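Observations on chain architecture
As a plain string of letters, each chain reads:
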Amino acid sequence: MRNIKAVSLMMLLACFAFVSQAAAMVCGEWNVLEKEIRDGATNRDSARKKIDELNRKLREVYGSETGRSGFHFPLRGYGPSSIGGRGGNGYRPRGYDFYDGNRHGGHPAQDIFIHDPTGKGVDSRTGKPVDVLAFEDGIVTAVNDSWASGDRIRGGIYVWTFNPGSNRYCYYAHLAKTLVAPGARVSAGSPIGVLGRTGKNAWLRRSPTHLHFMYLSHDNGAMRPVNPYTMLIRSAK
Ligand SMILES: [Zn+2]
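If you're wondering where the values come from, they're calculated on a predicted model, not measured in any experiment.

1. Section: the overall build of the protein chain
- Scanning the protein chain for helices and strands turns up three helices and nine strands.
- For 237 residues, the compact-globule formula gives about 18 Å, and the C-alpha radius of gyration of the protein chain, at 19 Å, lands near that figure.
- Along the three orthogonal principal directions, the C-alpha set of the protein chain runs to about 70 × 45 × 35 Å.
- In the protein chain, buried positions account for 38% of the 237 residues.
- By sequence separation, contacts in the protein chain at least 24 residues apart represent 67% of the contacts at least 6 residues apart.

Structure, rendered in structure tokens:
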């Protein structure tokens, strides 16, 4: 009996190890592909096929039932009044194509600003940095964890997550540092990074400190922007 239990435990552990290994591999591949697309180092058709293939793998490995616990506002201590523009009009999807990478047009995102009138990258009321929190449950599929002033990468230091439950990707940009690595699971509200001022334009003095938050829906290789505005409002209630 004890042997049977030991064998089942070993099988369970082996199975768990296999699943985590498969998960780490598929996120690792997504992470590499994201950099290739960003840097224009791959052609659009093959990138689209690969995104589609990895999306299938992610859903196989993690299951489409996971990640349905709702939304959380992505900046700790802040809420909808910090969203830029009026009524969410900072979201401009026209001209955006995920496969254009770093050269994409439009602004299919919401910018969320912190209190930092002097551009130090911290909340001026507390003198402390602001945590970036996961908007919804998911898996970290890509990060960019280094950036130097003047680099052309527009997102600077950033994190991508994927939620198999909603089949949507979140992109959090202009961080000071990341707190997660590809393959990590995140829950709505868990810290994934610290807000900063990284990115081709975000580091310039004229740019107020903000999180650039983009939400994309996957559909047969297409990565379609979704306006997260109403979800951001709901997430704060
Ligand atoms: Zn933005």
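2. Focus on the pairing of strand β5 (residues 168-178)
- For β5, the tally of buried residues reaches nine of 11 residues, placing the bulk of the element in the interior.
- Here strand β4 (residues 157-163) runs beside β5; their pairing, made up of six bridges, is antiparallel. Bridge pairing in β5 links Trp160 to Tyr171.
- Following β4, the chain reverses through four residues before pairing antiparallel with β5; Asn167 in that reversal takes a positive phi of roughly 60 degrees.
- Relative to strand β8 (residues 210-219), β5 runs antiparallel, the two being bridged by six bridges. In the strand pairing of β8, Tyr172 is matched with Phe213.
- Across three bridges, β5 lies against strand β7 (residues 191-195) in antiparallel orientation. Counted as the bridge partner of Lys177 is Val194 from β7.

How each quantity is defined
Residues numbered from 1 in each chain as written. Predicted model: local features only at pLDDT ≥ 70, side-chain atom pairs only at ≥ 80, totals over all residues. Helix = DSSP H or I, 4+ residues; strand = E, 2+ residues; numbered from the N terminus. Rg over C-alpha atoms; globule rule 2.2 N^0.38 Å. Buried ≥ 20, exposed ≤ 12 C-beta atoms within 10 Å, placed from the backbone. Contact = placed C-beta atoms within 7 Å. Pairing = 2+ DSSP bridges.

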